[in-house]
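Structural characterization, general
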Amino acid sequence: MNAILKKYLPGLSMGFSIVVLAGCGMKLVTGDELNGFALFIIELAGYLVMAALVDALVARINFKSYLSNFICETAILYPITLITAWIGSWFGMRLKNIVFFSIMFIVIMAVIHIYFYYMMKQEAEQINEYLRVRKKE
């Protein structure tokens, strides 16, 4: 399980992202018509870079709990995400679409934060175990 979470999941995610972005980039370079999906992927890539910058800024804050970090980052990114979705016409701005999009956003943010929380916790346990073994020597 550890190898899947540390090695294969990130590798698959990066590989998939690179292939999809390369496909969209090829459309731009070759002058092929950008369909709606390719344009969405390019917009999404730009949004994700911006979200990573927000994450890096939020990470500088010393929170007392990981939950506080999650709530802060989600509160900052939610309006930015909604505005980006509106500008990019990712979906029609009707109430049911906004509710569905909001639920998706919160679930995705939670899954990502739970993944990183689990990985950091596991890493801390490994370091502590290493220190316990070293202390016994």
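The notes below deal with the structure included here. (Residues numbered from 1 in each chain as written. Predicted model: local features only at pLDDT ≥ 70, side-chain atom pairs only at ≥ 80, totals over all residues. Heavy atoms only, no water.)

**Points about the packing of helix α2 (residues 36-58) against helix α3 (residues 66-87)**
- Their axes nearest at 10 Å, the elements α2 and α3 cross at an angle of 150°. Of the possible angle classes, the one that applies to α2 and α3 is roughly antiparallel. Note that α2 runs across α3; the crossing there is right-handed. Where α2 abuts α3, its residues Y47, M50, A51, V54, D55 and V58 lie against N69, C72, E73, I76, L77, I80, T81 and T84.
- For the contact of α2 with α3, the residue count by class is nine nonpolar, three polar and two charged. (Axes fitted to C-alpha atoms, helices over the stretch in contact; angles between N-to-C directions. Helix = DSSP H or I, 4+ residues; strand = E, 2+ residues; numbered from the N terminus. Parallel < 35°, antiparallel > 145°, perpendicular 65-115°, else oblique. Left-handed = near helix turned anticlockwise from the far one by under 90°. Contact = heavy atoms within 4.5 Å. Nonpolar A, V, L, I, M, F, W, Y, C, P; charged D, E, K, R; others polar.)

**Some details on the environment of Y66**
- Of note, Y66 is situated in helix α3.
- The partly exposed category is assigned to Y66, whose relative accessible area is 24%.
- Each C-alpha atom of the pair Y66 and E33 lies 44 Å from the other, and the pair is 33 residues apart in sequence.
- Residue contacts for Y66: discarding those within four places in its chain leaves H113, F116, Y117 and M120. (Buried < 20%, exposed > 50% of the residue type's maximum accessible area, 1.4 Å probe, protein only.)

**Things to note about the packing of aromatic side chains**
- Under the definition given, this model contains seven aromatic pairs.
- Seen in terms of ring centroids, Y66 and Y117 are 5.4 Å apart; in terms of plane orientation they differ by 40°. Their pairing is tilted. Remark: Y117 occurs in helix α4 (residues 95-136) and Y66 occurs in helix α3; sequence separation between them is 51 residues.
- Residue classification places Y117 among the partly exposed positions, given a relative accessible area of 41%. (Phe/Tyr/Trp six-rings, centres within 6.5 Å; stacked < 30°, edge-to-face > 60°.)

**Focus: the nonpolar core**
- One finds Y47, A51, V54, V58, F70, L77, A85, W90, F91, F101, F105 and M109 forming the largest nonpolar core, which totals twelve residues.
- When residues of this core are traced back to their parent elements, those giving at least two are α2, α3 and α4.
- Here this core takes four residues from α2, the largest share from any one element. (Core = buried A, V, L, I, M, F, W, Y, C linked by side-chain atoms within 4.5 Å.)

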